Amino acid sequence: VQLQASGGGLVQAGGSLRLSCAASGRTLSSYRVGWFRQAPGKGREFVAAFSWRGEGTYYANFVKGRFTISRDNAKNTVDLQMNSLKPEDTAVYYCTARSTTQLTALSNADNWPAWGQGTQVTVSS
């Protein structure tokens, strides 16, 4: 599945952004979808994903209560609503997808085979 993330930009600390992940030619509801981010000089870091059990969600501790992952099946997208943004949230954000039957750790980037182009999020202090 080919993925494309969008919605990034420059925002002040405390602000909000909504990222969107779209798929080409495939229905995203058939996949487990997640978001990772990568700051300059750092590895790819897990942010959020739909869990193994139905449509439950799973978040990195540092975004709990601030970020929300959701599906918009009508638009065939998976969105990441980011509130109360902090300068340390600055990174390129990537969406990723994998089979719903794969039960390996969600937070390990190596367990996600399909990646889209990222979108830059910059949070100024």
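Residues numbered from 1 in each chain as written. Predicted model: local features only at pLDDT ≥ 70, side-chain atom pairs only at ≥ 80, totals over all residues. Heavy atoms only, no water.

1. Considering the overall build of the protein chain
Quick reminder of the rule: The way it works is that DSSP assigns letters per residue, a run of H or I at least four long becomes a helix, a run of E at least two long becomes a strand, and they are numbered from the N terminus. Values of the radius of gyration come from C-alpha atoms, whereas the globule rule sets the reference at 2.2 Å times the count of residues to the power 0.38. Using a 1.4 Å probe on the protein chains alone, a residue whose accessible area is under 20% of its type maximum counts as buried, one over 50% counts as exposed, and one in between counts as partly exposed. It only takes one pair of heavy atoms within 4.5 Å for two residues to be counted as in contact. Each accessible area is a Shrake-Rupley result for a 1.4 Å probe, and residues are judged covered by the shown protein chains and nothing else. By the counting rule applied here, Lys and Arg register as positive and Asp and Glu as negative, while His and the ends of each chain are not counted. Charge positions are represented by NZ for Lys, CZ for Arg, CG for Asp and CD for Glu.
Of the regular secondary structure elements, the protein chain holds zero helices and 11 strands. Listing every helix and strand of the protein chain by position from the N terminus yields β-β-β-β-β-β-β-β-β-β-β. Rg of the C-alpha trace for the protein chain: 13 Å, near the compact-globule value of 14 Å for 125 residues, within the 12% margin. Dimensions along the principal axes, computed over C-alpha positions, put the protein chain at roughly 40 × 30 × 25 Å. For the protein chain, with 125 residues in total, the buried portion stands at 42%. The long-range fraction of contacts in the protein chain, counting pairs at least 24 apart against all pairs at least 6 apart in sequence, stands at 59%. If you sum the accessible surface of the protein chain, you get close to 6300 Å²; carbon and sulfur atoms cover 47% of it. When the 13 positive and 7 negative side-chain charges of the protein chain are each reduced to one mean point, those points stand 3 Å apart.

2. Focus on the packing of aromatic side chains
Rule in force here: The rule is short: rings of Phe, Tyr and Trp, with Trp giving its six-membered ring, pair when the centres are within 6.5 Å, and they are stacked under 30 degrees, edge-to-face over 60, tilted in between. Distance and angle both matter: a charge sits over a ring if NZ of Lys or CZ of Arg is within 6 Å of the ring centre and within 35 degrees of the ring normal.
Under the defined criterion, the tally for this structure stands at five aromatic pairs. Taken together, a centroid distance of 5.2 Å and an interplanar angle of 70° make the contact between Phe36 and Trp115 edge-to-face. Of the two residues, Phe36 is situated in strand 4 (residues 31-38) and Trp115 in strand 10 (residues 114-115); the sequence distance between them amounts to 79 residues. When its relative accessible area of 0% is taken as the criterion, Phe36 is described as buried. Arranged with centres 6.4 Å apart and planes meeting at 85°, the rings of Tyr94 and Trp115 form a pair that is edge-to-face. Linking Tyr94 in strand 9 (residues 91-99) with Trp115 in strand 10, this pair joins segments that are 21 residues apart in sequence. By relative accessible area, which is 25% here, Trp115 ends up partly exposed. Following the ring pairs from residue to residue traces out a cluster consisting of Phe36, Phe46, Tyr58, Tyr94, Trp112 and Trp115. A cation over a ring is seen here: Arg44 above Tyr94, with NZ or CZ 3.9 Å from the ring centre.

3. Observations regarding the side chain of Arg32
Put simply, the test is: N or O atoms closer than or at 3.5 Å make up a polar contact, with two conditions inside protein: a donor-capable atom paired with an acceptor-capable one, and, for residues adjacent in sequence, both atoms drawn from side chains.
Along the chain, the position of Arg32 falls in strand 4. The exposure class of Arg32 is buried, given its relative accessible area of 4%. At 3.1 Å, the side chain of Arg32 and the backbone oxygen of Thr100 are in polar contact.

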